[in-house]
Number of protein chains: 2
Amino acid sequence: VKIGIVGLGLMGGSLALQIRKIYKQATILGLDHNKSHQKQALEIGIVDQLVDNLNELKDVDILILSIPVDGIISLLHDLGDVSQHTTIIDLGSTKAKIIDAVPKNIRSNFVAAHPMTGTEKSGPTAALDDLYKDKVVVLCNLEDSGKLQQKTAISLFEALGMEIVYMDAAEHDKHAAYISHMPHALSFALANSIISQEDPNAIIALAGGGFRDMSRIAKSSPQMWEDVFRQNSEHLCETIDLLSDELKLCKSYIKEEKWDELNQWMQNANRLHDIL
Amino acid sequence: VKIGIVGLGLMGGSLALQIRKIYKQATILGLDHNKSHQKQALEIGIVDQLVDNLNELKDVDILILSIPVDGIISLLHDLGDVSQHTTIIDLGSTKAKIIDAVPKNIRSNFVAAHPMTGTEKSGPTAALDDLYKDKVVVLCNLEDSGKLQQKTAISLFEALGMEIVYMDAAEHDKHAAYISHMPHALSFALANSIISQEDPNAIIALAGGGFRDMSRIAKSSPQMWEDVFRQNSEHLCETIDLLSDELKLCKSYIKEEKWDELNQWMQNANRLHDIL
């Protein structure tokens, strides 16, 4: 099996490392516009071979697109002449706008996937060989993919040890805003509210586990997240509003000394215990 | 050395477990108004002996107060006749109101401490024998404690492997609002914004590491945090306002399609890399 990966960073690199463990005979071809990332990926053994341009990947069995979501959209326009047997899988964090951008003649080649995993780090050196294992992957509008491509994608994600969830792209984008995009906005906001203080180092010197956990994803790549926020702007703004309303409620309970209501509000949040 | 611990939950229980490893000959006496917690603490080996009331702890060498912060204030009123050699150390998350509540005649007995550690769990069964190691502890207004008590507290926290930071109580309460209390409000708010949706389980089923980390402390005890939010209400409201302003800024960049500004705002948050 011949696998092409465009984007040799955390997501693409980790996928390659795990594919190597599963498909011993896979040949992995890689492409990244960042030349030093290309070099690193080859050195680390993420790819067997580097290619110079997209044309060299148009005949592979599986073509993984693991670049920022705006990049996926531009790249799709150049994939209109991909081989009939190729399965193109994008790993972007948004789905509706990407699916809209797939050229009609290759819609059956295409599978829209969002693996719910990652770290705040980026680049080939951040790649982990167990990033996908036991995690959820959302496949969107799979009925519009060809039978071969459906089967190929499902086999791949099952082999990676992932739990597959099927969802409509619009529903995915709404859910992803709640569970991933808004929490990232929140973490960036938390970091900024402290960094903008007179002596942030004195404050951050007191950081315990709570702050460390909540600010971890504030270290994520602005390049990647700018694209996501742009593509999912409507849902993101709605969820930021809802979160802001909850903060207002919390503050009003404190200001008005409504301690029983505050306690109830915290108890409601505790219900996460039962779900997660 | 004779040590008394009032409050045998996560903080008090973990302290006892670690003290056992350091001071092999310490006798640890415990008191908790929750009778089943008392029983558990004895079974787990957190305490050597349970006592029935505070009077039995007034002659110990070190008296640890590890109960919710309003409870610490009530209890201090009953400690006016503690032995001269006793060092009382409170582990509360707020400091100014607690220090104000210390009876004048035992001010020299008292050391105000805030160990910057914890988990979202509570009760004796949540106790960990390495909760304090390599963490920061803030000691406030230490100049008002007696020489013996200063020395006793410093020795204890050094023996636990903690990094001691000295601070004025008002400054502590402001810093703690930023680095701990507001992030907790934020996590409760995040959990509530999702739990209030029509089908929270479908959303939470997609949770990756980011959401897990950001919502972890939303599982914390409302009883403990209601007290903290009440005692530090002014600083907390200020920091919630600052955080809300950052969220508004983020949303305005998205709404007005100011992508360069959004990217800059994220890059600013990335500066955490260099500090934490």
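Given the structure is predicted, the values throughout are model-derived calculations rather than measurements.

> Requested: an account of the relation of the copies chain B and chain A, with residues and values cited.
When chain B is fitted to chain A, the residual RMSD is 0.0 Å, and the transformation amounts to a turn of 180 degrees plus an axial shift of 0.0 Å. Both copies of the chain, as the preceding transformation shows, are related through a two-fold rotation axis. Of all interface residues in chain B, 100% are interface residues in chain A too; the two copies therefore contact each other through one and the same surface.

> Pulling in residues and values, what's your account of the interface of chain B and chain A?
By convention, interface size is frequently given as the accessible area that disappears when the constituent parts associate. Across the boundary between the two partners, chain B contributes 77 residues, which contact 77 residues of chain A. Carbon and sulfur atoms supply 73% of the area buried between chain B and chain A, which totals about 7,800 Å² over both sides. On inspection of chain B and its partner chain A, the count reaches 4 salt bridges. Salt-bridge contacts for K251(A) lead to D241(B); the nearest nitrogen and oxygen are separated by 2.7 Å. Counting across the chain B and chain A interface gives 24 residue pairs in polar contact (both at pLDDT 80 or more). For the side of chain B that touches chain A, the leading source of residues is helix α6 (residues 169-195) of chain B, giving 16 residues. Looking at the side of chain B that touches chain A residue by residue, the classes come out as 46 nonpolar, 20 polar and 11 charged.

> Any chance you could break down the nonpolar core for me, citing the residues and the numbers?
If you look at the biggest cluster of nonpolar residues, it comprises 134 residues, and the most contacted ones within it are L79(A), F229(A), L79(B) and F229(B). Excluding residues within four positions of it along the chain, L79(A) makes contact with L54(A), K58(A), L63(A), L65(A), I88(A) and I106(A).

> Kindly report on unusual backbone geometry, identifying the contributing residues and their values.
Only a minority of non-glycine residues have a phi that is not negative, and only a minority of peptide bonds are not trans. Backbone geometry at D134(A) places phi at a positive 65 degrees, although glycine is not the residue there. Residue placement: D134(A) occurs in the loop between β6 (110-115) and β7 (136-140). We classify D134(A) as exposed; its relative accessible area is 63%. The phi dihedral of E257(B) falls on the positive side, at around 55 degrees, and the residue is not glycine. Its location among the elements puts E257(B) in the loop between α10 (233-255) and α11 (259-270). Owing to a relative accessible area of 57%, E257(B) belongs among the exposed residues under this scheme.

> Report on the confidence of the model for chain A, specifying residues and quantitative values.
Residues with a pLDDT of 70 or more make up 100% of chain A, whose mean pLDDT is 97. For this predicted complex, the interface score ipTM comes out at 0.96, while the overall pTM is 0.96.

> An account of the sheet that holds strand β5 (residues 87-90) of chain A is requested, with residue identities and associated values reported.
Residue and element names in this part refer to chain A. Strands sit in the order β3-β2-β1-β4-β5-β6-β7-β8 across an open sheet of 8 strands; the sheet is mixed. Taken across any chain shown, the strands that pair with only one partner, and hence form the sheet edges, are β3 (49-50) and β8 (163-167). Bridge analysis of β7 against β8 gives 5 bridges, and the strand direction is parallel. For L139, the partnering residue across the bridge sits in β8 and is Y166. Contacts from helix α3 (residues 69-76) reach β1 (2-6), β4 (62-65), β5 and β6 within the one sheet, and its direction differs from that of β4 by about 135 degrees.

> Can you explain the sheet that holds strand β8 (residues 163-167) of chain B? Please cite residues and give values.
Residue and element names in this part refer to chain B. Strand order in the open sheet formed by 8 strands is β3-β2-β1-β4-β5-β6-β7-β8, with mixed pairing between adjacent strands. Strands with a single pairing partner mark the edges of an open sheet, and in this sheet they are β3 (49-50) and β8. Against the sheet, helix α3 (residues 69-76) touches β1 (2-6), β4 (62-65), β5 (87-90) and β6 (110-115), its axis set at about 135 degrees to β4. Here α6 sits on the sheet and contacts β6, β7 (136-140) and β8; the angle it forms with β8, its principal contact strand, is near 115 degrees.

> Talk me through the layout of surface pockets; I want residue IDs and the actual numbers.
A volume near 930 Å³ is recorded for the second largest pocket. Elements represented by at least two residues in the lining of the second largest pocket include exactly α8 (209-215) of chain A together with α1 (10-22), α3, β6, α6 and α9 (222-231) of chain B. No other element matches the 4 residues that α9(B) contributes to the lining of the second largest pocket.

> Hey, could you go over α3(B) for me, with residue numbers and the actual values?
Residues and elements named next belong to chain B. Listed as buried for α3 are V69, I72, I73, L75 and L76. Considered in projection along α3, the buried side chains sweep an arc of 165 degrees and stay on one side of the axis. Looking at the buried side of α3, the elements it contacts are β1, β4, β5, α4 (96-100), β6 and α9.

> Got a sec to walk through the pattern of salt bridges? Specific residues and values, please.
All names here are of chain A. Applying the stated criterion across every chain, the model contains 26 salt bridges over all chains. Residue D48 is joined to R20 by a salt bridge in which the shortest nitrogen-to-oxygen separation is 2.9 Å. With a gap of 28 residues between them, D48 in the loop between α2 (35-44) and β3 and R20 in helix α1 (residues 10-22) connect regions that are remote in the sequence. With a relative accessible area of 26%, R20 lands in the partly exposed category. Ionic pairing is found between K258 and E256, a salt bridge with its closest N-O pair at 3.1 Å.

> Just give me the short version of the environment of T152(A), but keep the residues and values in it.
All names here are of chain A. Relative to the elements of secondary structure, T152 occurs in helix α5 (residues 147-159). Once the C-alpha coordinates of T152 and V111 are considered, the two residues, 41 residues apart in sequence, prove to be 9.5 Å apart. Residue contacts for T152: discarding those within four places in its chain leaves I62 and T87.

> Account for the packing of aromatic side chains, naming residues and giving values.
Taken as a whole and assessed by the stated rule, the structure comprises 4 aromatic pairs over all chains. Centroid distance F188(A) to W265(B): 6.2 Å. Interplanar angle 55 degrees. Geometry classified as tilted. Placement of the pair is F188(A) in helix α6 (residues 169-195) and W265(B) in helix α11, with the two residues belonging to separate chains. Taking relative accessible area as the criterion, F188(A) reaches 0% and is therefore assigned buried. In this structure W265(B) comes out as buried when scored by relative accessible area, which is 6%. Ring centres of W225(B) and F229(B) lie 6.0 Å apart, and the angle between their planes is 70 degrees; this geometry places the pair in the edge-to-face category. Here F229(B) and W225(B) lie together in helix α9, a separation of 4 residues that amounts to about one turn. As far as the burial class goes, W225(B) and F229(B) line up, both buried.

> Residue-level account of the side chain of T239(B), with values.
Residue and element names in this part refer to chain B. Looking at the secondary structure, you find T239 in helix α10. In this structure T239 comes out as buried when scored by relative accessible area, which is 2%. Setting aside residues no more than four positions away along its own chain, T239 makes contact with A177, Y178 and M182.

> Account for the environment of Q38(B), with residues named and values stated.
All names here are of chain B. Within the secondary structure layout, Q38 lies in helix α2 (residues 35-44). Taking the relative accessible area as the measure of exposure, Q38 reaches 7% and is therefore buried. What Q38 contacts, discounting residues up to four positions off in sequence, is L8, G30, L31, D32, L50 and V51.

Thresholds, definitions, all that
- As a convention, each chain's residues are numbered from 1 in the sequence order in which they are written.
- Chain A is the first chain written and ligand 1 is the first ligand written, with later ones labelled in order.
- pLDDT decides what is reported in this predicted model: residues at 70 or higher carry local features, side-chain atom pairs at 80 or more are listed and counted, and totals for whole chains, interfaces and linings draw on all residues regardless.
- Side-chain numbers come from the whole structure's heavy atoms, not from hydrogens or water.
- A least-squares fit on C-alpha atoms brings the copies together, and the residues used are those whose pLDDT is at least 70 in both copies.
- Only heavy atoms matter for contacts: two residues are in contact if any of them lie within 4.5 Å across the pair.
- Here the quantity called buried area is the total loss of accessible area, with a 1.4 Å probe, experienced by two parts when brought into contact, counted for both.
- We define a salt bridge as a contact between a side-chain nitrogen of Lys or Arg and a carboxyl oxygen of Asp or Glu at a distance within 4 Å.
- For the purposes of these results, a polar contact is taken to be a pair of N or O atoms within 3.5 Å, where, inside protein, one atom must be able to donate a hydrogen and its partner to accept one; residues adjacent in sequence count only when each atom of the pair is a side-chain atom.
- Helix numbering and strand numbering both begin at the N terminus, where a helix is a DSSP run of H or I of at least 4 residues and a strand a DSSP run of E of at least 2.
- In this count, Pro and Cys sit with the nonpolar residues alongside Ala, Val, Leu, Ile, Met, Phe, Trp and Tyr, while Asp, Glu, Lys and Arg are called charged and the others, Gly among them, polar.
- As used in this record, nonpolar core signifies buried Ala, Val, Leu, Ile, Met, Phe, Trp, Tyr and Cys residues forming a set joined through side-chain atoms within 4.5 Å.
- Only protein chains enter the accessibility calculation, which uses a 1.4 Å probe. A residue is then buried if its area is under 20% of the maximum for its type, exposed if over 50%, and partly exposed in between.
- pLDDT runs from 0 to 100 and stands for how confident the predictor is about each residue.
- Here, a strand pair is defined by DSSP locating no fewer than two bridges between the strands.
- Comment: axis = line fitted to C-alpha atoms, over the contacting stretch for helices; angle = value between 0 and 180 degrees taken between N-to-C directions.
- Here a cavity means grid points, on a 1 Å grid over the protein atoms only, where a 1.4 Å probe fits yet cannot get out; a pocket means an open set of points with protein on both sides within 12 Å along at least five of seven lines; lining residues are those with an atom within 4 Å of a point.
- Grid points are joined across faces, edges and corners, and a volume is the space filled by probe spheres set on the points.
- Arc definition: it is the arc formed by the directions from the helix axis to the C-beta atoms.
- Aromatic rings from Phe, Tyr and Trp, taking only the six-membered ring of Trp, are treated as a pair when their centres fall within 6.5 Å; an angle between ring planes under 30 degrees marks them as stacked, one over 60 as edge-to-face, and anything in between as tilted.

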